[in-house]
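Observations on chain architecture
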Amino acid sequence: MFMQTGLTLRALSTTTSTGLRTSARYTSTFRHRVSKTLVPTSKQKFVHVAGQEMVPSQQLLLRSGMMRQSSSGIYSILPYGQRILNKIEAIIDDELENIGCQKLSLPNLLTSDNWKKTGRWETAGQEIFKLKDRRGSDFLLAPTHEEEVTSLIAKEVQSYRQLPIRVYQVGRKFRDEMRARSGLLRGKEFVMKDLYTFDVTEQEAYKTYDEVVLAYRRIMKRLGVPYAVAEADTGNIGGSHSHEFHILSRVGEDSLLSCGSCGYTSNEERAIGIIPSTPSKTATKFRNSEEVPKWIESLDVVPRSAIRVNPKFQFGILKTPAADGSKDERCALVAVATSGDRDVNEIKVSKALGNVGLAGSIQDIKTLLGESKVTDLMLCVDQSLYPGQEPPRPKDVSLERSSLPEGLSSLVGHSNKKKSLRVVYGDYHNCKPGDGCPHCQKTKEAIVPMEVSRAIEVGHTFMLGTKYSVPLNAMFVAENGQEEEPMQMGCYGLGITRLMASIVEASHDHKGIVWPESVAPYRVVIVTSEDEGCVEVAENVYDVVQKALNAKSDVILDDRTETTLGFKMKDAELIGYPWMVVVGKGFLRTGNIEVQHRKTGEKWSLEWPKIEGFFQERRLLDQE
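Presented here is a report on the structure given in the accompanying data block. (Residues numbered from 1 in each chain as written. Predicted model: local features only at pLDDT ≥ 70, side-chain atom pairs only at ≥ 80, totals over all residues. Heavy atoms only, no water.)

1. Concerning the pattern of salt bridges
Applicable threshold: Salt bridge, as used here: a side-chain nitrogen of Lys or Arg that lies within 4 Å of a carboxyl oxygen of Asp or Glu. Helix and strand definitions follow DSSP, with helices as H or I runs of at least four residues and strands as E runs of at least two, each counted in order from the N terminus. Residue exposure (1.4 Å probe, protein chains only): buried if accessible area is under 20% of the type maximum, exposed if over 50%, otherwise partly exposed.
This structure, assessed with the given rule, holds 38 salt bridges. For the salt bridge of R83 with D554, the shortest nitrogen-to-oxygen distance reads 3.9 Å. Here R83, found in helix α2 (residues 79-97), pairs with D554, found in the loop between α14 (532-549) and β28 (555-558); they are 471 residues apart in sequence, far enough to count as distant. Among the residues examined, D554 registers a relative accessible area of 12% and is labelled buried. Taking the shortest distance from any N to any O, the salt bridge between D571 and R560 comes out at 3.0 Å. Taken together, the positions of D571 in helix α15 (residues 565-575) and R560 in the loop between β28 and α15 put the pair 11 residues apart, joining distant regions of the chain. With respect to burial, D571 and R560 carry one shared label: buried.

2. Regarding the state of the cysteines
For the record, the criterion: We call a pair of cysteine sulfur atoms a disulfide when they lie within 2.5 Å.
Enumeration according to the criterion identifies zero disulfides in this entry. In this model C440 remains outside any disulfide bridge; the closest cysteine sulfur is found in C259, 3.6 Å from its own.

3. Examining the sheet that holds strand β6 (residues 109-111)
The test is simple: For two strands to be treated as a pair, DSSP must find at least two bridges joining them. Note on geometry: axes are C-alpha line fits, over the in-contact stretch for helices, and angles between N-to-C directions span 0 to 180 degrees.
Strand order in the open sheet made by the three strands is β6-β8-β7, with antiparallel pairing throughout. Strands at the two margins of the open sheet, each flanked by one partner only, are β6 and β7 (129-132). Across the sheet, the axes of successive neighbouring strands diverge by a mean angle of 35°, strand direction being ignored. Here β7 runs beside strand β8 (residues 138-141); their pairing, made up of four bridges, is antiparallel. Bridge pairing in β8 links K132 to D138.

So, in structure tokens, the structure goes:
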């Protein structure tokens, strides 16, 4: 079924069958009606094909008739869901246009050429959908558009006078998820807004970055749900500066550490914390039982602390090209030592040393090595083993090859009888709740414990610098008219479908979804009993509320005749309209109309003439 599209204007100055006279006004015979809308709601819970429990957003978006699953990780968005996506996009458009951004559209099917120039064709991993055309040329379904937009701007911009440029698009992205899950939160196809900025100098690029971050904050505020901004790792996108935007939710895959005193917030992957000087019981009770960890512990390279803490080890391999450019590569066996209550942070280790691949045990190292042999030995000693102390200087420990334990000796090449163990000290651990805030320590000289919260990442901002402009030759002639310089870039993403699902995760109850007014499919639903008099009044209430809110298409009438008033009200609560106006049989007795607010549960019993003023007041409050 589809919505009526006919439109006829007529003057209203009539008396209803209930004896109430409506004021004269011009209105339209067209009204949004549930009976003419594709919104297949369900009172029954949907069952995951794999028998897994669905996250609330997945369950509620299915039950409320806003989406349907096409296949694993791929969904069709139905009319109500599309209205929400349109409203989210409109908020984004408004805020980005206010800072000078221009909207364009980029292709989803991309050639591999530019990706090979930046090196991401080889390093992006198996999450990219790669394909070939009939001629055997390599293509991909775009997961992101840095290469495409940089190549485009490189061809069109030659002079500094043409900069800055800020362009963005809203379109579909693709990721070959190994295990698509959680509905729209982690799918194979999703809708995303991506903004790309091009500036003359690094200073101007940072100014642009700050402007976009402020615009993002305004967007998140208008969406009407709790959010957090966290310092973040740049990941596969690259760059020098990065923030994540999160919606707080218990089903979130990210852990945020935050300080309630100064507001410092960081993703767990990047967080820096002050380790308590008194170790936990888990740390003091930890003991090594395996051969190689016990041997490393015996080298006595860990600084002594007031309370003895035994190191816990995780191993990895760092492969680097040979200095002479030959095909031979150097393979360093990396051991990371932390206290027994701490986990190794792979991102911190890789940022300090290079791309280290960590293994679960010393046995798994053989898989990472392949046919190679270990050429170097390295030990990273984490600050959790010497809390409150300054890190010692790096040092080299000379070892006799014959002294190596058997589990390690079999991995090491036979080039020399002596081996050198490089020992470095630093921050290689994941922070956890209770660690002190680093900002408060610097500014207040106080240890303020941080707290952890679960959150869903919905946006990410990156200061790229020249990571893409140099390999893709996005250059401009400088002001001196002679030198060519690379453009300074930034990229900024917001997941549109992910935002819709995240809002549901953050704003729902046992009855259904609780949409913020800014993104609700309709702000007001008018439900009526099947009594002819009630139906006639509901038609007029529709016109009054629409005029009062000055909202041409934000009111809908549930005029279904085959369902009861109670069923319609349950449906309205499931869908999550912010306001419900009830014209029931009680109206025929009292002349009063009930108004319900979904978020607070408040109810008002209003006389017919007061309906318009009630919603006019709500409109004015929204504008403040």
